[in-house]
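Secondary and tertiary structure notes
For reference, the chains in residue letters:
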Amino acid sequence: MPKTRKEAPKDEVSLNARLLIRAGFIDKLMAGVYTILPLGLRVMKKIENIIRNEMEAAGGQELLMPALQPKENWQKTGRWETFDSLFRFTSHYSKIDFALGPTHEEIISPLVKKFNLSYRNLPVSLFQFQTKFRDEKRAKSGILRGREFLMKDLYSFHSGEKDAENYYEKMKGHYENIFNRCGIGEKTYLTLASGGSFSQYSHEYQTVTDAGEDTIYICDKCEMAINKEITETTPACPQCGNKDLKENKSIEVGNIFSLKTKFSEPFDLKFTDENGQEKLMVMGCYGIGLSRLMGTAVETSNDENGIIWPEAIAPYKIHLINLKGKEGKSSQLAGEIYEKMTKSGMEVLFDDRDDLRAGEKFADADLIGIPYRVIVSGKTAEYDSAEIKKRGEKKSEILPIGDIMKKIANSN
Ligand code: ATP
Ligand code: MG
């Protein structure tokens with residue numbers, strides 16, 4: 001059993017981090033920097049697997065690029081000076097300047113160039129799960145805004161604009177799948193946003209919650225939104241022109257950009273076309289913050305007692321509680337249930353602590369937020385039964401063990 005805490009650190013104001021710290025998913029090292037504890041890592045791995053699955057379905061190949069990056073690459077694009085949140089430092093020995101990667105266009109563009117690709121090799125799409133570093137001004141939103149955080153970034157390389165645009169549209173479908181599969185789809189909106197210095201527009205995936213730092217305007221007809229940052233005048237739906245939009249606070253969980261030749265130019269990233277001529281590659285980039293997604297799930301799904309995990313990203317599916325000490329019929333049955341469940345591939349967190357009262361065990365289960373709670377007591381054990389309750393629901397049932405196994409197995 002993970003150790004839970006009664007109190008979160010006093011300087012931690014965000015709900016996501018307070019709950020995740022108290023429930024034993026993360027630990028705070030300093031503002032914007034967190035250790036992902038075993039429970040938290042299970043959630044992150046689930047999110048990672050869902051994202052990997054969708055990125056591979058989009059033809060992406062996984063790689064891992066360095067976080068430690070040379071100044072020259074950043075000077076080539078001019079971002080050594082202009083990227084506000086870039087961590088820069090100097091080696092004590094060689095006096096060489098380095099950056100800690102906040103994003104990887106400066107690394108992947110010269111990397112792809114080394115392979116001398118022709119039109120036959122394109123498109124190419126590469127992605128990674130990697131720790132990013134950003135010198136964030138405000139690191140007050142818990143794991144929503146880290147100075148160090150985990151991101152999936154995918155970069156695509158195309159022979160022309162048309163192919164890049166098609167890929168961009170296709171990727172929207174995979175992004176939608178990711179947020180649906182992670183259980184935040186209903187509150188997540190495709191949002192027209194600024195294109196930064198790359199192009200006029202980009203698209204963000206914004207999840208509606210009061211904890212968000214962004215403001216978006218939602219069109220109920222199109223299920224689409226527009227980011228406040230690009231509405232100088234009255235906002236209108238980008239799809240249907242509707243002006244009756246709802247203002248909401250939201251969290252940016254993902255962002256997709258069409259980069260055009262913004263990075264292929266400085267790195268002279270070219271391919272040979274059908275006629276043997278050299279042309280600049282057209283690029284796209286596609287990001288999702290995994291740690292931010294975990295925090296967003298917590299912000300959007302909780303109650304006064306703790307977290308309520310969406311099933312697909314919960315650290316375990318079942319929280320098995322033995323109410324009666326280490327000995328007796330109850331603990332014997334609980335042990336058997338644990339064996340049975342784990343043998344049939346179910347993920348079970350087993351609370352067999354004998355030094356805690358029932359109320360304390362229930363409070364921990366609510367705080368941690370695992371979808372199914374199965375309780376074995378002396379009384380249920382007499383009938384080879386256990387009590388089952390879904391997190392977030394009031395009603396519970398006492399069922400024979402076989403029925404409990406079936407109920408959980410059939411739940412998705
Ligand atoms: P923001 O506007 O919130 O600062 P951004 O637009 O700078 O984010 P991107 O460069 O688009 O972020 O990064 C891609 C994704 O990485 C974001 O959509 C978000 O999910 C995540 N992300 C960005 N910055 C952070 C951070 N400081 N902590 C955690 N996740 C982050
Ligand atoms: Mg962004």
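Above this note sits the structure.
The residue numbering used here restarts from 1 in each chain and proceeds along that chain's sequence as written. In the order they appear in the text, chains get letters beginning with A and ligands get numbers beginning with 1. Local features are withheld for residues below a pLDDT of 70 in this predicted model, meaning they are given only at 70 or higher, and side-chain atom pairs are given and counted only at 80 or more; totals for whole chains, interfaces and linings count all residues. Excluding hydrogens and water, the side-chain figures rest on all heavy atoms present in the structure.

Quick look at the site of ligand 1
What makes a residue near a molecule or strand is one non-hydrogen atom of that residue sitting within 4 Å of it. For ligand 1, the set of nearby residues contains 13 residues, the closest of which are Glu136, Arg145, Gly146, Glu252 and Val253. Throughout this description, a polar contact denotes any pair of N or O atoms lying within 3.5 Å of each other; where both atoms belong to protein, one of them has to be capable of donating a hydrogen while the other can accept it, and for residues adjacent in sequence the pair is counted only when both atoms sit in side chains. Contact distances for ligand 1 include 3.0 Å between an oxygen atom and a side-chain N or O atom of Arg292. Throughout, the Shrake-Rupley method with a 1.4 Å probe supplies accessible areas, and for residues the shown protein chains are the sole cover considered. In isolation ligand 1 offers 590 Å² of accessible surface; the protein chains occlude 82% of this area. Elements represented by at least two residues in the shell around ligand 1 include exactly strand E8 (148–158) and strand E13 (246–260). Strands are runs of DSSP state E lasting at least two residues, helices are runs of H or I lasting at least four, and both sets are numbered from the N terminus onward. Top element by residues in the shell around ligand 1 is E13. It accounts for four residues. When residues are grouped by polarity, Ala, Val, Leu, Ile, Met, Phe, Trp, Tyr, Cys and Pro land in nonpolar, Asp, Glu, Lys and Arg in charged, and all others, Gly among them, in polar. Considered class by class, the residues forming the shell around ligand 1 number four nonpolar, four polar and five charged.

Observations concerning helix H11 (residues 401–409)
Among the residues making up H11, those that are buried are Ile401, Ile404, Met405 and Ile408. Looking straight down H11, one finds its buried side chains confined to an arc of 100°; they lie on one side. Between two residues, a contact is recorded if the distance between any of their heavy atoms is within 4.5 Å. Residues of H11 that are buried make contact with strand E19 (318–322), helix H8 (328–343), strand E21 (372–376), strand E22 (385–390) and strand E23 (396–400). We call a residue buried when its accessible area falls under 20% of the maximum for its residue type, exposed when it is over 50%, and partly exposed in between, using a 1.4 Å probe and counting protein chains only. It is the directions from the helix axis to the C-beta atoms that the arc portrays.

Some details on unusual backbone geometry
Apart from glycine, the bulk of residues carry a negative phi angle, and the bulk of peptide bonds sit in the trans form. Note that the residue after Leu122, namely Pro123, is joined by a cis bond; omega there is 0°. Turning to its location among the elements, Pro123 is positioned in the loop between helix H5 (105–113) and strand E7 (124–133). Phi at Asp268 takes a positive value of approximately 50°, unusual for a residue other than glycine. Of note, Asp268 is situated in the loop between E13 and strand E14 (270–272). Here Asp268 falls in the partly exposed class, since its relative accessible area comes to 35%. With phi around 50°, Asp384 is a residue other than glycine that occupies positive phi space. With a relative accessible area of 43%, Asp384 lands in the partly exposed category.

What about helix H9 (residues 358–368)?
Among all positions of H9, only Lys361, Asp364, Ala365, Asp366, Leu367 and Ile368 are buried. Looking at the buried positions of H9, the neighbouring elements they touch are helix H1 (15–22), helix H2 (38–57), strand E18 (306–307), E19, strand E20 (348–351) and E21. One or two positions beyond H9, positive phi appears at Gly369, with a value near 80°.

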